[in-house]
Amino acid sequence: MGNGQLGRRAGVVTIPDSPFPIHAVEAMSDPLIRVEGLAKRFAGRDGAHATVFENIHFSIEPGEFVCLIGHSGCGKTTILNILAGLEPATDGYVFVGGREISGPSLDRAVIFQSHALMPWLTVMGNVGFAVSSRWRDWDRARVRAHCQKYIDLVTLAGAENKRPAELSGGMKQRVGIARALAIQPKMLLMDEPFSALDALTRGMLQEEALRICAETSQTVFMITHDVDEAILLADRIILMTNAPNAKIAEIVVNTLPRNRNRHDMHRHPHYYRIRNHLIEFLVDRSRAFDEESAASGYDPRHPPLVRPGLAGDSPAPEHSIPARPPTAAKPLVAVVK
């Protein structure tokens, strides 16, 4: 196998002689989430229909962390609510594990902007309520032991008997994360979960989320307005155009190493290439995308997959999707561009 050729072994795609290790990547498999032709329209007082977004197509692989970025009003939260089964789409389909969704499911957990905890229950009680809903035949001791595992995971050991009024904002969000993870969902949906927190707490929880998702191989779909948050957390970043008639303009592959952290990721040569690309899109290209797409032959069913971090580096295969490193039982390979 010569230079530049793709190799496969143990279900893994490799690029031989890569000079710059970027991601551990598994071969393409059936996506966990598949969104096809999603659209949302609302009827106005005059009877006319306003289209918020239309022709939305994307997929999410198992173990992948995907962020969605776009200006306010383009329908980001609506898309998340449709994925959660909390809101119907006007057109299109959402498939989870190959099956079309028809409503809420414990296989899809949601973490909202506010903590959404039940104020009369303790930390253990809030997490336990979700666990008991998932496994109704478990006795109290088994529920408690299972909850403790996830309370420990979000570093809240010792706070099990505190109520939300006794917790800081960051601690409340950790309880929400523990509650969501404790039901072991196939998909974790996060709607700007750290936006209401102060900068220091937000940064700490971002790194906690990175650690927890790495340890659990959790699949995540997250909405954010924070470009640096997306670069820190996401394997891929979906960029949406402005409303009305918003659509996915392109999908940015994050080529920073998966073991990045917020303290030194800005030193990586790919960081500013990716950041500048995202900001340029939000500031300029998102407003004029219709003109750009008309000239480029854009097809919303296949949004362009771009890798701005690799500008000037050797190209990588279009089908390789960066993913969170699999469990230790699976062999890892470094893939670069």
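Residues numbered from 1 in each chain as written. Predicted model: local features only at pLDDT ≥ 70, side-chain atom pairs only at ≥ 80, totals over all residues. Heavy atoms only, no water.

## Let's talk about the sheet that holds strand 4 (residues 33-43)
Now for step 1: Read from one edge of the open sheet, four strands run 5-4-7-8, paired in antiparallel fashion. Two strands bound the open sheet, and with one partner strand each, they are strand 5 (49-60) and strand 8 (99-100).
Now for step 2: Bridge count for strand 4 against strand 7 (residues 91-96) is five bridges, and the pairing is antiparallel. Residue pairing in the sheet places I33 in a bridge with V96 of strand 7. (Pairing = 2+ DSSP bridges. Helix = DSSP H or I, 4+ residues; strand = E, 2+ residues; numbered from the N terminus.)

## With respect to empty space enclosed by the protein
Now for step 1: This structure, assessed with the given rule, holds four cavities of 30 Å³ or more.
Now for step 2: Put simply, the second largest cavity is a space of about 40 Å³.
Now for step 3: Lining the second largest cavity we find I177, L181, L188, M190, A209, I212 and C213.
Now for step 4: Looking at which element gives the most residues to the lining of the second largest cavity, the answer is helix 5 (residues 199-216), with three residues.
Now for step 5: A per-class count over the lining of the second largest cavity returns seven nonpolar, no polar and no charged. (1 Å grid on protein atoms, 1.4 Å probe; cavity = no way out; pocket = protein on both sides within 12 Å on 5 of 7 lines; lining within 4 Å. Points joined across faces, edges and corners; volume = space filled by probe spheres on them. Nonpolar A, V, L, I, M, F, W, Y, C, P; charged D, E, K, R; others polar.)

## With respect to the nonpolar core
Now for step 1: Membership of the largest hydrophobic core comes to 59 residues, with the highest contact counts inside it found for F194, I231 and I237.
Now for step 2: Non-local contacts of F194, meaning those with residues more than four positions away in its chain, are made with I177, R202, L205, Q206, A209, M222, E229 and L233.
Now for step 3: By size, the runner-up hydrophobic cluster in this structure holds 32 residues, among which are I33, V96, M187 and M240. (Core = buried A, V, L, I, M, F, W, Y, C linked by side-chain atoms within 4.5 Å. Buried < 20%, exposed > 50% of the residue type's maximum accessible area, 1.4 Å probe, protein only. Contact = heavy atoms within 4.5 Å.)

## Brief notes about the pairing of strand 12 (residues 236-240)
Now for step 1: Burial runs high along strand 12: five of the five residues are buried.
Now for step 2: Both faces of strand 12 are covered, namely the face carrying R236, I238 and M240 and the face carrying I237 and L239.
Now for step 3: Across four bridges, strand 6 (residues 65-69) lies against strand 12 in parallel orientation. Of the residues in strand 12, the one forming a bridge with V66 is R236.

## Considerations on the packing of aromatic side chains
Now for step 1: Scanning the model with the defined rule gives five aromatic pairs in all.
Now for step 2: Relative to F221, the ring of F58 lies with its centre 5.7 Å away and its plane at 10 degrees, an arrangement referred to as stacked. Of this pair, F58 sits in strand 5 while F221 sits in strand 11 (residues 220-223), placing them 163 residues apart in sequence.
Now for step 3: When its relative accessible area of 0% is taken as the criterion, F221 is described as buried.
Now for step 4: The lysine or arginine in question, R34, covers the ring of F95, its NZ or CZ lying 4.6 Å from the ring centre.
Now for step 5: The ring of W135 carries R134 above its face, with NZ or CZ at 5.7 Å from the centroid. (Phe/Tyr/Trp six-rings, centres within 6.5 Å; stacked < 30°, edge-to-face > 60°. Lys NZ or Arg CZ within 6 Å of the ring centre and 35° of its normal.)

Honestly, it's all geometry; don't read function into it.
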